[in-house]
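Notes for the structure review
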Amino acid sequence: MKTFCGRANPTTGAMEWLEEDENYDYHQEIARSRYADMLHDKDRNTKYYQGIRAAVNRVKERGEKAIVLDIGTGTGLLSMMAASAGADFCYAVEVFKPMANAAVKIVEKNGFRDKIKVINKHSTEVTVGPDGDMQCRANILVTELFDTELIGEGALPTYEHAHKYLVQEGCEAVPHRATVYIQLVESKRMWSWNKLLPVHVEAEDGEKIIVSPSEMENCPGVPSVCDIQLNQMPSNDFTILSDVVTMFSVDFSKPVRSASTYYRVQLEPVKSGKAQIILSWWDIDMDPSGKINCTMAPYWVKSTSAFQWRDHWMQCVYFLPNEEPVLQGETVYLTACRDEYSVWYKLQKARGPEENKADVCVESPVCRCQAHLLWNRPRFGALNDQNRTSQYIKSLMKVLKTDSVCLCISDGSLLPVLAHYLGAKQTVYYFLPPPPQFFKANHLDDKIKIIEARPELLTTSHLEDKKISVLVGEPFFTTSLLPWHNLYFWYARTAVTSHLTNNVTILPQSASLHMMIVEFQDLWRIRSPCGTCEGFDVQTMDDMIKNSLNFRESREAEPHPLWEYPCKSLSDPQEVLTFDFRKTVPQHGLGTEGSVNLLRKGKSHGAVLWMEYHLAADISVSTGLMQISNEKGNCEWNPHCKQAVYFFSSVIESEILSDPPSAVSYAINFDTKTGEIAMDFKL
Ligand code: SAH
């Protein structure tokens, strides 16, 4: 069956009705899922297995039958561990139908058909009794329902319900307990993901500073967790202000309460500084003794021998509502508030009347200044990147004249403000501007005109009958997922052509798509088959993922912020396509074929693709590769952008360099009608 879905095309901007196969969403879900990453997580798997064995043994030693409830069974892995450990029966509950089907197949293939019953339901729908899904309540509760924030996937309400209705009192739980840890830090880098720092502009008539309005300074931001691979954050990018402190823990073997609550700890800063950020992670103890521990602690906290790379659990960055100076040794109080699904923090200097419960539980953060809705965290990072800004300033200085009529096409951009300070004294137009308070705080209300229409609907009256002499863009659009989606700038430029002067300057004048073959240190795991996991055959899952990746016969590139995922280049970076913004979008497609030589030995996991924008003569900005930092080929990526990763369906390994070198051939085609880029690689 086919269904029609309406959407604005991210590249062309056109409203389109796609005839979408009803299976498309489900294939996307499987293809982009974290199941493979979990199955590759050896540390997690072995510890679950140990914990499950220990729990089954404890129950057996009491002379009871071991009846297991596995909530969120996925592939059935944890139930198969329990059955192998001697459990008498397992109820394996899975809400996602394709996974429940896969679990049935995997359980059967591994010979556990009469020990494991797969129930395709949400756990809160499961019934107990002679005619129910479960014959009786379980005495072992096994789950893996955690996300990076621990509770974001609904673990608390699921446990609360399970203790009330599905398991016996005094049941064993694997994991037995989870503990959340925090550390207070100062970090200009991370703080710049949440606040607009002053932007310095060297103009001809002196230095100008773009400031952020007080509404923005005092805004608590958005509630969504910022989860990152903290192990990729160099230690000189933050200053530790406190020891690692236990914030709260949850005992899963006892009834769990999911209702909103708070936890409070006393901190004594180990250093004076600006309290800005709470870094947080958790660990789980698989058994009551705490001897089987699986931790997400970052590199400076745990020994390297405990290191396991994983992407399904990372670390959290929480932004305090305001930065607060703290002194070494001076006591401060940190409160973690949580609801059923999320956590947020607040820091206070004095106890005072705050002891009063009602005052403590502040509301979950909501953006009041609008800026956090327009600018996400990487976008804040880019706007605060003074090096990046200076490239745009230099380019604008080259092209602007005092009589320039300047139009900016980019979302939430500061370019019109820069253009105003740098000479376009008369008129600078905007489509999707920063919030109004921003202009007020910078005394620009009457200097910059805002057009509330899409470029396609621009009229001469919007422009007060003027023609545009300078058209600028970063380009950046909030709808862009893949790097080339920002080519929307080209389509918008084409749409406004009749409003441009004959000798209009377009900045950037052109863009190019670049490509490089890489070997990932770890990211390859998320798309690589597992075969067997802890001795269980999970190939059914591999086949399912493969099938979904190749759905519609073509693999697609996927966005990843590569600063978090180390890789080394195996080929030189190659420019594969160019887009000339001085001309309109052509009717015909743009295509290229070629090959790149593999210059270093290693495993070719895939190709990385990114865009570079040529702002003006000799000035370019890269949204991808910044540099190859050493002879080993380690890459440095733009920290504010996601790059496109195209995983090869099979990996080639070049152990030795052949002569002539092995090569990867490619065909890359940009369809100007659909805005899509199709690619194919042959190894
Ligand atoms: N247990 C597997 C998979 C864990 S992923 C393993 O450890 O490898 C978590 C799974 O739980 C997902 O497949 C999700 O669909 C499912 N899930 C989450 N909450 C659930 C609930 N309350 N009831 C049933 N399934 C749930």
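Residues numbered from 1 in each chain as written. Predicted model: local features only at pLDDT ≥ 70, side-chain atom pairs only at ≥ 80, totals over all residues. Heavy atoms only, no water.

**A word on the domain arrangement of the protein**
What the domain assignment lists for the protein is domain 1 (2-32), domain 2 (34-144), domain 3 (178-192 + 214-367), domain 4 (385-507) and domain 5 (512-682). When each unit is reduced to the centre of its C-alpha atoms, the spacing between domain 1 and domain 2 is 35 Å. For the pair domain 1 and domain 2, the summed buried surface comes to about 290 Å²; carbon and sulfur atoms form 79% of the total. Three residues stand out in domain 1 for area buried against domain 2, namely Y26, E29 and I30, and they jointly supply 83% of the buried area on that side. (Domains from an automatic or database assignment. Buried area = accessible area lost by both parts, 1.4 Å probe.)

**Observations regarding the site of the ligand**
The environment of the ligand is formed by 18 residues, the closest being Y35, R44, G72, E94 and S123. Between the ligand and Y35 there is a distance of 2.6 Å, counted from an oxygen atom to a side-chain nitrogen or oxygen. One of the side-chain nitrogen or oxygen atoms of E94 is found 2.7 Å away from an oxygen atom of the ligand. Out of a free accessible area of 580 Å², the ligand has 90% covered by protein chains. (Near = heavy atom within 4 Å. Polar contact = N/O pair within 3.5 Å; in protein donor to acceptor, adjacent residues only side chain to side chain. Areas by Shrake-Rupley, 256 points an atom, 1.4 Å probe, with all protein chains shown as cover.)

**Some points on helix α4 (residues 77-84)**
Since the α-helix turns once every 3.6 residues, residues separated by three or four places project in the same direction. Within α4, seven of the eight residues are buried, which leaves the element mostly enclosed by the surrounding structure. Those residues of α4 not exposed but buried are L77, L78, S79, M80, M81, A82 and A83. Immediately downstream of α4, the backbone of G86 shows phi near 105°, a positive value. (Buried < 20%, exposed > 50% of the residue type's maximum accessible area, 1.4 Å probe, protein only. Helix = DSSP H or I, 4+ residues; strand = E, 2+ residues; numbered from the N terminus.)

**Let's talk about the nonpolar core**
In terms of nonpolar packing, the biggest core is built from 117 residues, with I52, L69, F146, M247, L334 and Y345 touching the most fellow members. When residues of this core are assigned to their parent elements, the largest contribution, seven residues, is made by strand β15 (residues 273-285). With sequence-adjacent residues up to four places away left out, I52 is seen in contact with L78, M81, A82, A85, V142 and V174. Membership of the second largest hydrophobic core comes to 93 residues, among which are V199, F380, W484 and L615. (Core = buried A, V, L, I, M, F, W, Y, C linked by side-chain atoms within 4.5 Å. Contact = heavy atoms within 4.5 Å.)

**As for the sheet that holds strand β19 (residues 343-348)**
One open sheet holds the three strands; their spatial order is β14-β18-β19, and the pairing between them is antiparallel. Looking at strand neighbours, the two that pair on one side only are β14 (261-267) and β19, the edges of this open sheet. Direction aside, the axes of adjacent strands within the sheet are offset by 20° on average. Bridge analysis of β14 against strand β18 (residues 332-338) gives seven bridges, and the strand direction is antiparallel. Paired with Y263 across the strands is A336, a residue of β18. (Pairing = 2+ DSSP bridges. Axes fitted to C-alpha atoms, helices over the stretch in contact; angles between N-to-C directions.)

**Digging into unusual backbone geometry**
Here the residue pair V174 and P175 is connected by a cis peptide bond, since its omega of 0° sits within 30 degrees of zero. Checked against the element boundaries, P175 lands in the loop between β7 (167-174) and β8 (177-186). Positive phi, close to 55°, is recorded for H443, a residue that is not glycine. A relative accessible area of 62% means that H443 is categorised as exposed.

**Points about the environment of A100**
Positionally, A100 belongs in helix α5 (residues 97-109). Note on A100: relative accessible area 1%, which makes it buried. Leave out the neighbours within four places in its chain, and A100 touches E94, V118 and N120.

**So, the packing of α5 against helix α16 (residues 539-549)**
For the pair α5 and α16, the least separation of the axes is 9 Å and the interaxial angle reads 145°. For the pair formed by α5 and α16, the contact residues are P98, M99, A102, K105, I106 and K109 on the first element and Q539, T540, M541 and M544 on the second.

**Quick notes on the layout of surface pockets**
Empty space among the atoms can be located by rolling a probe the size of a water molecule over them. In this model, the second largest pocket occupies a volume close to 840 Å³. If you go around the second largest pocket, you meet 38 residues; those closest to its centre are Y35, M38, E144, L145 and E153. Taken together, the residues of the lining of the second largest pocket break down into 16 nonpolar, 12 polar and 10 charged. Here the lining of the second largest pocket spans two domains, since at least three of its residues come from each of domain 2 (34-144) and domain 3 (178-192 + 214-367). (1 Å grid on protein atoms, 1.4 Å probe; cavity = no way out; pocket = protein on both sides within 12 Å on 5 of 7 lines; lining within 4 Å. Points joined across faces, edges and corners; volume = space filled by probe spheres on them. Nonpolar A, V, L, I, M, F, W, Y, C, P; charged D, E, K, R; others polar.)

**Describing the packing of aromatic side chains**
In total, this model carries 28 aromatic pairs according to the counting rule given. A centroid spacing of 5.8 Å and a plane angle of 75° characterise the contact between W490 and F579, whose relative ring orientation is edge-to-face. On the criterion of sequence distance, the pair formed by W490 in helix α15 (residues 488-495) and F579 in strand β30 (residues 574-580) is long-range, its members being 89 residues apart. For the pair W490 and F579, a shared accessibility class is recorded, and that class is buried. Ring-pair connections join several aromatic residues into one group, and the members of that group are F146, Y159, F252, W282 and W313. Over the ring of Y49 we find R53; its NZ or CZ atom is 3.9 Å from the centre of that ring. (Phe/Tyr/Trp six-rings, centres within 6.5 Å; stacked < 30°, edge-to-face > 60°. Lys NZ or Arg CZ within 6 Å of the ring centre and 35° of its normal.)

**Focus: the environment of L141**
For L141, the position within the fold is in strand β6 (residues 138-143). Look at L141 and you get buried, because its relative accessible area is 0%.

**Points about α15**
Burial runs high along α15: six of the eight residues are buried. Among the residues of α15, those classed as buried are Y488, F489, W490, Y491, A492 and R493. Where α15 is buried, its residues touch β20 (405-411), β23 (468-472), β24 (500-507), β30, β31 (590-597) and β37 (663-671).

**Considering the pairing of strand β10 (residues 206-210)**
One ladder, built from five bridges, connects strand β9 (residues 199-203) with β10; its direction is antiparallel. Residue pairing in the sheet places V199 in a bridge with I210 of β10. Following β9, the chain reverses through two residues before pairing antiparallel with β10.

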